[in-house]
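Summary of the model geometry
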Amino acid sequence: MKYCFLAHGDSVSTLSKMYFIGLSTLYEIISEVCEQVWNILSPIYLPERQIADWIEIGERYENRWHFPNCLGALDGKHIRISKPPRSGSAFFNYKKYYSFVLMAICDPEYRFTWIDIGDYGSLNDASVFNASGFGQELEAGRYPLPEGKPLSGMNEQIPYFFIGNEAFGLRSYLMRPYSKRYLKYDDQKLFNYRLSHARTIIEDTFGILVTVWRILQTTLSFKLRTSILIVKCLLCLHNFLLSKESQEPEENRKYATEKLMQKIRENYKSNKSSNEDFGRKEDVEDVDDDDDEEYVVGGNDDDDNDKGNRQERIKIPRKVCSESQKIRNILCAYFAKQNNLM
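Residues numbered from 1 in each chain as written. Predicted model: local features only at pLDDT ≥ 70, side-chain atom pairs only at ≥ 80, totals over all residues. Heavy atoms only, no water.

Before going further, it helps to examine helix 2 (residues 12–19). By the burial criterion, the buried members of helix 2 are Val12, Leu15 and Ser16. Seen end-on, helix 2 carries its buried residues on one side only, within an arc spanning 105°. (Buried < 20%, exposed > 50% of the residue type's maximum accessible area, 1.4 Å probe, protein only. Helix = DSSP H or I, 4+ residues; strand = E, 2+ residues; numbered from the N terminus. Arc of directions from axis to C-beta.)

Right, let's talk about the nonpolar core for a bit. In this structure, Leu102, Phe129 and Ile163 are the most contacted members of the largest nonpolar core, which totals 95 residues. Tallying contributions element by element places helix 8 (residues 224–245) first for this core, with eleven residues. (Core = buried A, V, L, I, M, F, W, Y, C linked by side-chain atoms within 4.5 Å.)

Further remarks concern the environment of Pro146. Secondary-structure assignment places Pro146 in the loop between helix 6 (133–140) and strand 4 (149–150). In this structure the C-alpha to C-alpha distance between Pro146 and Gly58, which are 88 residues apart in sequence, comes to 9.6 Å. Contact partners of Pro146, with chain neighbours within four places excluded, come to Ile51, Trp54, Ile55, Leu71 and Tyr160. (Contact = heavy atoms within 4.5 Å.)

As a further point, take the side chain of Asn93. Within the secondary structure layout, Asn93 lies in the loop between strand 1 (70–80) and strand 2 (99–106). The contact partners of Asn93, leaving out residues within four places of it in the chain, are His78, Ser99, Gly121 and Ser122.

This next bit is on unusual backbone geometry. Even without a glycine there, the phi angle at His66 is positive, about 55°. Relative to the assigned elements, His66 resides in the loop between helix 4 (51–65) and strand 1. In this structure, Arg86 is a non-glycine residue whose phi angle is positive, near 55°. In this structure, Arg86 sits in the loop between strand 1 and strand 2.

It is worth spelling out the packing of aromatic side chains at this point. Counted by the stated rule, this structure contains 18 aromatic pairs. Seen from their ring centres, Phe67 and Phe335 are 5.0 Å apart, and the 50° between their planes marks the pair as tilted. Here the residue Phe67 occupies a position in the loop between helix 4 and strand 1, and Phe335 occupies one in helix 10 (residues 322–341), the gap between them amounting to 268 residues. Taking relative accessible area as the criterion, Phe335 reaches 0% and is therefore assigned buried. Between Tyr178 and Phe191, the aromatic rings sit 5.4 Å apart at their centres with planes inclined by 75°, giving edge-to-face as the arrangement. Residue Tyr178 is located in the loop between strand 7 (174–175) and helix 7 (186–212), and its partner Phe191 is located in helix 7; the two are separated by 13 residues in the primary sequence. On the basis of relative accessibility, which here comes to 8%, the residue Tyr178 falls in the buried class. Taking the relative accessible area as the measure of exposure, Phe191 reaches 0% and is therefore buried. Here the aromatic residues Trp54, Trp114, Phe129, Phe134, Tyr143, Phe162 and Phe168 are joined through ring pairs into a cluster of three or more. Lying across the ring of Trp38, Lys232 places its NZ or CZ 5.0 Å from the centre. Above the ring of Tyr178, the side-chain terminus of Arg328 is found at 4.0 Å from the ring centroid. (Phe/Tyr/Trp six-rings, centres within 6.5 Å; stacked < 30°, edge-to-face > 60°. Lys NZ or Arg CZ within 6 Å of the ring centre and 35° of its normal.)

Overall, the coordinates contain 13 salt bridges when judged by the stated rule. Notably, a salt bridge pairs Glu35 with Arg225, separated by 3.1 Å at the nearest N-O pair. With Glu35 in helix 3 (residues 23–45) and Arg225 in helix 8, this pair connects stretches of sequence that are 190 residues apart. A relative accessible area of 26% means that Glu35 is categorised as partly exposed. Because the salt bridges share partners, they merge into one network encompassing Glu56, Arg60, Asp107, Glu109 and Arg111. (Salt bridge = Lys/Arg side-chain N within 4 Å of Asp/Glu carboxyl O.)

Looking now at helix 3. With 23 residues, helix 3 should reach 33 Å at 1.5 Å per residue; the first-to-last C-alpha distance of 31 Å fits that figure. A maximum bend of about 30° is found in helix 3 at Asn39, where proline Pro43 lies one to four positions downstream. Burial in helix 3 covers these residues: Leu26, Ile30, Ser31, Cys34, Val37, Trp38, Leu41, Ser42 and Tyr45. (Expected span 1.5 Å × (residues − 1). Bend = angle between axes of the 7 residues up to and from the residue.)

Further remarks concern the pairing of strand 1. By the criterion of burial, strand 1 is predominantly enclosed, with nine of the eleven residues buried. Both strand 1 and strand 6 (residues 161–163) contribute to a ladder of two bridges, which runs parallel. Bridge pairing in strand 6 places Cys70 opposite Phe161. With eight bridges connecting them, strand 1 and strand 2 associate as antiparallel partners. When the sheet's bridge partners are listed, Asp75 is paired in strand 2 with Ala104. (Pairing = 2+ DSSP bridges.)

Here we take up the packing of helix 2 against helix 3. At a minimum axis distance of 10 Å, the contact between helix 2 and helix 3 shows a crossing angle of 110°. As summarised for this structure, helix 2 and helix 3 are arranged roughly perpendicular, according to the angle between their axes. Along its contact with helix 2, which presents Val12, Ser13, Leu15 and Ser16, the element helix 3 presents Leu23, Leu26, Tyr27 and Ile30. Taken together, the residues of the contact of helix 2 with helix 3 break down into six nonpolar, two polar and no charged. (Axes fitted to C-alpha atoms, helices over the stretch in contact; angles between N-to-C directions. Parallel < 35°, antiparallel > 145°, perpendicular 65-115°, else oblique. Nonpolar A, V, L, I, M, F, W, Y, C, P; charged D, E, K, R; others polar.)

Keep in mind these numbers describe shape, not what the thing actually does.
Structure, rendered in structure tokens:
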């Protein structure tokens, strides 16, 4: 019953009538089962990554997506919900509906490696990521990433990093495209293309999650805590099913099939064109990397019931250090050199 509800997106009232269960009892069952799935599966399929794990992910990412020193793709997704009580406009997003944010990083095989769930839908991706404990640990230099290594055919050593779109700030641990407003050279355009190509993995991952688990195509009309537990449960089941099928031949796979991936990419292209007509994703302007702006960070990363209730936030200057620009320029030169050799 539970997994049918998650996969098909049936309403609670329909299940209540089908199984002759009271609504209040059914709501409690959904919450308790999702919590147990999270508690049992998350230590196995969403564990805290060690340095050796990140190095292995970086090698697989380079082999599959040809982007060296990359540890994964970062992006956020809005989860549609009913308006939480006494929340004002905190959860009302730029797409004109209520949501909380699922911020995630994935590996090259569509599996989530880090997640942060429940922040206000009104916030942009950069604010949500920087408010997370992981983002703050990276910013402070306290998170143990692997030691950097030189690129093939080059002497300068560069650190490992994640990749994101133009909504995020450029950091030594987070590469983003060159600003479209100041894009002048072909090698910069090539870098943007390579990064965009390598970053589509996170879009595909979200696509698999939403397409298979159709409850995410509906509005989650639960308490905020229960809605967050449902998403956590689905992320664990997603990683579990991908891990179980990873050794199977492609023709025997039933979760992330090639037919499903083609459908997801077609939908992504059509949604991308409509989003461009509507406006910039996440309401974040594609600014020049040298601009001195401010973005919101702060709060805590506690695994509490209402992560969207984080109130304490601070503002810090958005300054891109020359080291981050240097790393991106080295990558830019590396891709240009590769392109000339082809």
